[in-house]
Amino acid sequence: MARWCYRHRLVVLLLWVGALLGLGVSASSAGTNYAEVFSLPDTDSKRAIDLMERAFPERAGDTDTVVWKVDEGSVRDDSVRSRIEPALKEIGRMEGVGAVTDPYGAQGAAQISEDGRIAYAQVTFAEQADAVPKELVQDVVDTAQGAARDGLQVELGGQAITRVQEPPTGIAELVGILAAAVVLFVAFGSLFAMLLPIVVAVFGVGTGMFGTQLLSHVTNVPELATLLSTLIGLGVGIDYALFIVTRHRRGILRGADPEEAAVTALNTSGRAVLFAGGTVCIALAGMLVTNLRFLDGVVIGTTLTVVLSVLAAVTLLPALLGLLGHRVLSRRQRRRLAAKGPETETASGLAARWSAGVQRRPRSVAVLAVVLMAALAVPLLSLRLGTVDQGNDDASMTTRKAYDLLAEGFGPGFNGPLQVVVDGEASDSLVTVLEKTEGVAQVAAVPPANGVSVIQVVPTTSPQDAETDRLIDTLRDDVIPDAGVEAHVGGVTAVSKDFATVTGERLPLFIGTIIGLGFLLLLLAFRSLVVPLTAAVMNLLAAAASFGVLVMIFQWGYGLDLLGLGKEGPIASFLPIIMLSLLFGLSMDYQVFLVSRMHEEWVHTRDNARAVRVGLAETSRVINSAALIMVCVFLAFVLSGDYGAAMAGVGLAAAVALDAFILRTALVPAVMHLLGKSNWWLPAGLEKRLPHLAVEPKEEAVAAEQGPARHEGPSSVVHGFVRTADGEPVEGAAVTLLTSGGRQLDRVVSLADGAYIVSVPAPGTYLLAATATPLGSRAAHVTVTDGPLVHDVELVPGEVDAVN
């Protein structure tokens, strides 16, 4: 497939451009039909909502607030009323608005603060916040704020208002792409090579977003899906292309022509991309087991974007590589290649030195990494899930100003009132006992309707305060049962609390599912029980440390001022499931790329120390570059203006940084050095029963793999003896002949006198590796011309040479 895409590059490019433009035009014509299906069955707040819909069908939707404040005088003054009342009446006549509660009515005295300078009106929509049309919300905002003048401040707050206060979309994505471009240019030193991963990611994300927009017309897809699709699509799209381009450039630098380098890159790193994409999709699909229906659309949108990003990486990318040819290298690299010829395959530089250092001191590296990750995970013990109120919005937003005005005039609890809903008529004793409950600032009973009574309870504390959660528990467990009535506690704050409870209950099943499915996939890929088990433990450690960082920043408040993200509070209830699904998928990405290179080396040499060292040396730099790109993309979502998106961005950035820079480049290789050959252990019975889905390509005929342009001429042999430094013959040494790209061509075992002979398909340069326990291993390049080549191998105990 890679060769076909490379040779038919214009066809492939036109197909992708046509797909992107076609989906874009179709999506623009069809428009959006995002639907927020949020339901928490079998919860107290859901039963309260059901009763509210029965009693007040026109007022069962979201309730938002219009707040106004005068600098001088009172809100009761005629000059103020003459501006506010017409605006409220106009809002009340809008289609989709169920009711407007006016503070100037007979029972509106409670809606004016004690000093008379602040008042509010409640606007109740016919639908829940996410289902209210944005056009209607914008009309309400414009009408209310049109009444403002000098000395009269008018602000609006509520869940529906938040939807039209979001900053322009695309800023976070643009910043993330620019930051990724800088990292790619530093890594590659070539403008064309820098553009390749970005172009592939744009095609993957673009087709994914347009496709998701079209799917919103046939299934329930929330608007959140587009944000998360962009977040994950940009990250994995750039990363997947980065891994393949890096392998391709390495092949050209080592003497391969561009087509063969592209085929080899796609047949090795491309396969790893397929597996990595599979792990991300499995992690995303794990959200389905939570049975939270509003997440179904998120799974559809994000999975579609990941699949298209993988498809772009394995089809569009080889076509683009064909268009660029040698220009994928920098000018300096092209001049050096022309002047000095191909580079050697020896891993060098900081990555090779670090890899050798980990091999020398695996215990010290492992202990330091575990201590650091454990220290960062300690704050997780104080994790509190809950609601994030509008006090966390940017200070310039009208929702934040309305929140502050209500807290100033009526107390912090006014921003999150509770609704005690009774199926029947509420007794005076219930109202009395609610008024006497500790933590309650105000109680107001609404006249019964359709056999349902509603009592509004205003807490003394803010919606995100832990005391408010305790008040809800007190009302449900003690106050209402003691009053001898059947009532339910609802409202936005109660819904958020119930969501946090449901999330916490279903989290173990969710984590178990994605770890189990990821374990099975890695088991099939690497034919090992230990590798997937190690990956599962590392993923849990990364998750714990990243949530510890989240708690320190967003719950304890360290660094919030630096990020400009308001005040500290609980961690958003929706975050664990969404963030863990993305985190586990991305963590498995790095595990697949790292271990696939180690496994490739292990299959060729059967030397664990060499496999781990070479795998780390050759992949750590690209993994770190990919992680740095991910961190930039995720941190850019702090600029989105959405507190939840900023929280997810910071959490994922921390998780990816810890995972790549500490776990995958330090702890994983250190543990694999300590485990030795046990890393690759698989019971023989299980080996026979498992299907073969290896990340590495199957051994193929060299003529098919290399192509006639690579090697021409008759077949030959390399032969010689395997001896120790003292000249003693080594019997049973494994001698392997490989191509420069790392594919195995022949493998034999030395005889009693140390003799070996391997067949060579054609003249050319090959890699000959020999290994014997406990003598270590030796690898070297051999160049075969038009006849047999004699090559003796000397093995030294404990030695593993640096040629890979």
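Definitions and limits used
- In this convention, every chain numbers its residues from 1, walking through the sequence in written order.
- Given that the model is predicted, a residue must reach a pLDDT of at least 70 before its local features are reported, and side-chain atom pairs must reach 80 or more before they are shown or counted; all residues, however, enter totals for whole chains, interfaces and linings.
- Hydrogens and water molecules were not included; the side-chain quantities draw on all heavy atoms of the structure.
- Comment: elements are numbered from the N terminus, with helices defined as DSSP H or I runs of at least four residues and strands as E runs of at least two.
- Only protein chains enter the calculation, and the probe is 1.4 Å; a residue is then buried if its accessible area is under 20% of its type maximum, exposed if over 50%, and partly exposed in between.
- Residue contacts are defined here by distance: any two heavy atoms, one from each residue, within 4.5 Å place the two residues in contact.
- Accessible surface area values rest on a Shrake-Rupley calculation with a 1.4 Å probe, where residue burial reflects the displayed protein chains alone.
- For the charge count, each Lys or Arg is scored as positive and each Asp or Glu as negative, with His and the chain ends excluded.
- All charge positions are set by atom: Lys at NZ, Arg at CZ, Asp at CG, Glu at CD.
- Strand pairing requires that DSSP identify at least two bridges connecting the strands.
- In this analysis, axes come from line fits to C-alpha atoms, helices being fitted only over the stretch in contact, and the angle between any two N-to-C directions falls in the range 0 to 180 degrees.
- Exposure above 30% relative accessible area and the lack of any salt bridge qualify a residue for a patch; like charges then connect within 9 Å, and the nonpolar side chains Val, Leu, Ile, Met, Phe, Trp and Tyr within 5 Å.
- Salt bridge, as used here: a side-chain nitrogen of Lys or Arg that lies within 4 Å of a carboxyl oxygen of Asp or Glu.
- The predictor reports its confidence for every residue as pLDDT, a score running from 0 up to 100.
- Whenever a pair of cysteine sulfur atoms sits within 2.5 Å, that pair is classed as a disulfide.
- The term polar contact refers here to a pair of N or O atoms within 3.5 Å; inside protein, the definition further demands a hydrogen-donor-capable atom paired with an acceptor-capable atom, and it admits residues adjacent in sequence only when both atoms are side-chain atoms.
- By the definition adopted for this analysis, an angle is roughly parallel if under 35 degrees, roughly antiparallel if over 145, roughly perpendicular if from 65 to 115, and oblique otherwise.
- Should the near helix be turned anticlockwise from the far one by less than a right angle, the crossing is left-handed, and should it be turned clockwise, the crossing is right-handed.
- Under the scheme applied here, ten amino acids are nonpolar (Ala, Val, Leu, Ile, Met, Phe, Trp, Tyr, Cys and Pro), four are charged (Asp, Glu, Lys and Arg), and all others, including Gly, are polar.
- Note on ring pairs: Phe, Tyr and Trp rings are taken, using the six-membered ring of Trp, and paired if centres are within 6.5 Å. Classes follow the plane angle, with under 30 degrees stacked, over 60 edge-to-face and the rest tilted.
- In this scheme, the term charge over a ring applies when either NZ of a lysine or CZ of an arginine sits within 6 Å of the ring centre and within 35 degrees of the ring normal.
- Every helix has an expected span of 1.5 Å times one less than the residues it contains.
- Residues belong to one nonpolar core when they are buried, are Ala, Val, Leu, Ile, Met, Phe, Trp, Tyr or Cys, and are joined through side-chain atoms within 4.5 Å.

1. Digging into the overall build of the protein chain
On a plain count of helices and strands, the protein chain comes out with 25 helices and 19 strands. When its C-alpha atoms are laid out on the principal axes, the protein chain stretches across 105 × 55 × 45 Å. When each of the 804 residues of the protein chain is scored for burial, the buried share is 57%. For the protein chain, the proportion of contacts with a sequence separation of at least 24, taken over those separated by at least 6, is 77%. Accessible surface, the protein chain as shown: approximately 32300 Å² in total, 58% of it carbon and sulfur. For the protein chain, the distance from the average position of its 59 positive side-chain charges to the average position of its 80 negative side-chain charges is 11 Å.

2. Some remarks on the sheet that holds strand E1 (residues 63-70)
Strand order across the open sheet formed by four strands is E2-E3-E1-E4, with antiparallel pairing between neighbours. In this open sheet, the two strands that pair with only one neighbour each are strand E2 (97-101) and strand E4 (152-157). The average undirected angle you get between the axes of adjacent strands in this sheet is 20°. On top of the sheet, helix H4 (residues 78-92) reaches E1, E2, strand E3 (118-125) and E4; it is set at about 160° to E2, its chief contact.

3. Some thoughts on a nonpolar patch on the surface
A cluster of nonpolar residues, Phe-185, Leu-191, Phe-192, Leu-195 and Val-199, forms a patch on the protein surface that exposes about 410 Å² of accessible area. The greatest single-element share of the nonpolar patch, amounting to four residues, is contributed by helix H8 (residues 191-215). Summarising the element assignment, Leu-195 is placed in helix H8. Under the relative-accessibility criterion, Leu-195 is labelled partly exposed at 35%.

4. Some words on the sheet that holds strand E8 (residues 452-459)
Strand order in this open sheet of four strands is E7-E8-E6-E9, and the pairing throughout is antiparallel. Each edge of the sheet is formed by a strand with only one pairing partner; in this case those strands are strand E7 (440-449) and strand E9 (487-490). On average, adjacent strands in this sheet sit at an angle of 20° to one another, irrespective of strand direction. Sheet analysis places E7 next to E8, joined by seven bridges and oriented antiparallel. Considered in E8, the bridge of Gln-442 is made with Val-458. Of the strands in this sheet, strand E6 (418-423), E7, E8 and E9 are in contact with helix H3 (residues 44-55), which crosses E9 at around 100°.

5. Focus: the confidence of the model for the protein chain
Scored by pLDDT, the protein chain has a mean of 83; 92% of the residues are at 70 or more. Highest mean pLDDT in the protein chain belongs to helix H14 (residues 362-377) (94); lowest belongs to helix H25 (residues 702-706) (38). Counting contacts from residues 699-712, a segment whose pLDDT is below 50, to residues more than four positions away or on other chains yields 25 contacts. A low-confidence stretch, residues 800-804 stays under pLDDT 50, and its non-local contacts, those more than four residues away or across chains, total 25 contacts.

6. A look at a negative patch on the surface
Together, Glu-90, Glu-135, Asp-139 and Asp-142 line one region of the surface with negative charge. Of note, Glu-90 is situated in helix H4. Residue classification places Glu-90 among the partly exposed residues on the basis of a relative accessible area of 40%.

7. Concerning the pattern of salt bridges
Counting across every chain of the model gives 17 salt bridges. Close ionic contact of Asp-469 with Arg-384 constitutes a salt bridge, the shortest N to O distance being 3.6 Å. Taken together, the residues span a long stretch of sequence, with Asp-469 in helix H17 (residues 466-483) and Arg-384 in the loop between H14 and strand E5 (385-386) at a distance of 85 residues. Among the residues examined, Asp-469 registers a relative accessible area of 15% and is labelled buried. One salt bridge in this structure joins Arg-400 and Asp-404, with 3.2 Å as the shortest N-O distance. Highlighted residues: Arg-400 and Asp-404, both in helix H15 (residues 398-410), separated by four residues, approximately one helical turn. On the basis of relative accessibility, which here comes to 36%, the residue Asp-404 falls in the partly exposed class. In this structure, a network of salt bridges that share partners links the residues Arg-3, Arg-7, Glu-259 and Glu-260.

8. Focus: the state of the cysteines
Formally, a disulfide is one covalent bond, and it connects the sulfur atom of one cysteine to the sulfur atom of another. Under the definition given, this model contains zero disulfides. The structure places no disulfide on Cys-5, whose sulfur is separated from the nearest cysteine sulfur, that of Cys-281, by 19 Å.

9. Section: the environment of Arg-83
Its location among the elements puts Arg-83 in helix H4. Classification of Arg-83 by relative accessible area gives partly exposed; the value is 31%. Spatially, the C-alpha atom of Arg-83 lies 95 Å from that of Ser-715, the residues being 632 residues apart in sequence. Ignoring any residue separated from it by four or fewer positions in sequence, one finds Arg-83 in contact with Gly-146, Ala-147, Ala-148, Arg-149 and Leu-152. Of the polar contacts made by the side chain of Arg-83, one reaches the backbone oxygen of Ala-148; its length is 3.4 Å.

10. Regarding the packing of helix H21 (residues 575-605) against helix H22 (residues 608-636)
At a closest axis distance of 8 Å, the pairing of H21 and H22 adopts a crossing angle of 160°. It follows that H21 is roughly antiparallel to H22 by the angle criterion. Helix-helix and strand crossings are classified by hand; for H21 and H22 the assignment is right-handed. Residues that form the contact of H21 with H22 fall into these classes: 15 nonpolar, four polar and four charged.

11. A few points about the packing of aromatic side chains
A full pass over the atoms with the stated rule returns nine aromatic pairs. Centre to centre, the rings of Tyr-240 and Phe-593 are 6.3 Å apart; their planes meet at 55°, and the pair counts as tilted. Highlighted residues: Tyr-240 in helix H9 (residues 224-253) and Phe-593 in helix H21, separated in sequence by 353 residues. Aromatic rings pair up to connect Tyr-120, Phe-410 and Phe-414 into one cluster. The ring of Phe-192 is capped by Arg-327, whose NZ or CZ atom sits 5.7 Å from the centre of that ring.

12. Focus: H8
Spanning 25 residues, H8 covers 36 Å between terminal C-alpha atoms, matching the ideal 36 Å at 1.5 Å per step. Its side-chain oxygen at 3.4 Å from the backbone nitrogen of Phe-192, Ser-190 defines the N-terminal cap of H8.

13. What to know about the nonpolar core
Residues Tyr-240, Met-287, Phe-554, Tyr-590 and Phe-634 are the most contacted members of the largest nonpolar core, which totals 153 residues. The element that contributes the greatest number of residues to this core is helix H23 (residues 643-675), accounting for 20 residues. Not counting the four nearest positions on each side in its chain, Tyr-590 is found in contact with Asp-239, Phe-243, Ile-623, Ala-626, Ala-627, Met-630, Val-656, Asp-659, Ala-660 and Arg-664. With 30 residues, the next largest nonpolar core counts Ile-91, Ala-119, Ala-144 and Val-154 among its residues.

14. Re the environment of Gln-165
Here Gln-165 lies in the loop between helix H6 (159-162) and helix H7 (171-188). The spatial distance from the C-alpha of Gln-165 to the C-alpha of Ile-252 is 51 Å, given a sequence separation of 87 residues. Residues in contact with Gln-165, not counting those within four places in the same chain, are Val-141, Met-397, Thr-398 and Thr-399.

15. Remarks on the packing of helix H18 (residues 492-526) against H21
Relative to each other, H18 and H21 sit at 15°, their axes nearing to 11 Å. On the basis of their axis angle, the class for H18 and H21 is roughly parallel. H21 is crossed by H18, and the crossing has right-handed handedness. Note on element contacts: H21 touches H18 through Pro-576, Ile-577, Leu-580, Ser-581, Phe-584, Met-588, Gln-591, Val-592, Val-595, Ser-596 and His-599, opposite Thr-503, Leu-507, Phe-510, Ile-511, Ile-514, Ile-515, Gly-518, Leu-522, Ala-525 and Phe-526. Taken together, the residues of the contact of H18 with H21 sort by class into 15 nonpolar, six polar and no charged.

16. Re the side chain of Arg-249
In this structure, Arg-249 sits in helix H9. Once residues within four sequence positions are removed from consideration, Arg-249 is found in contact with Phe-188, Ser-190, Ala-193, Val-328, Leu-329, Ser-330 and Gln-333.

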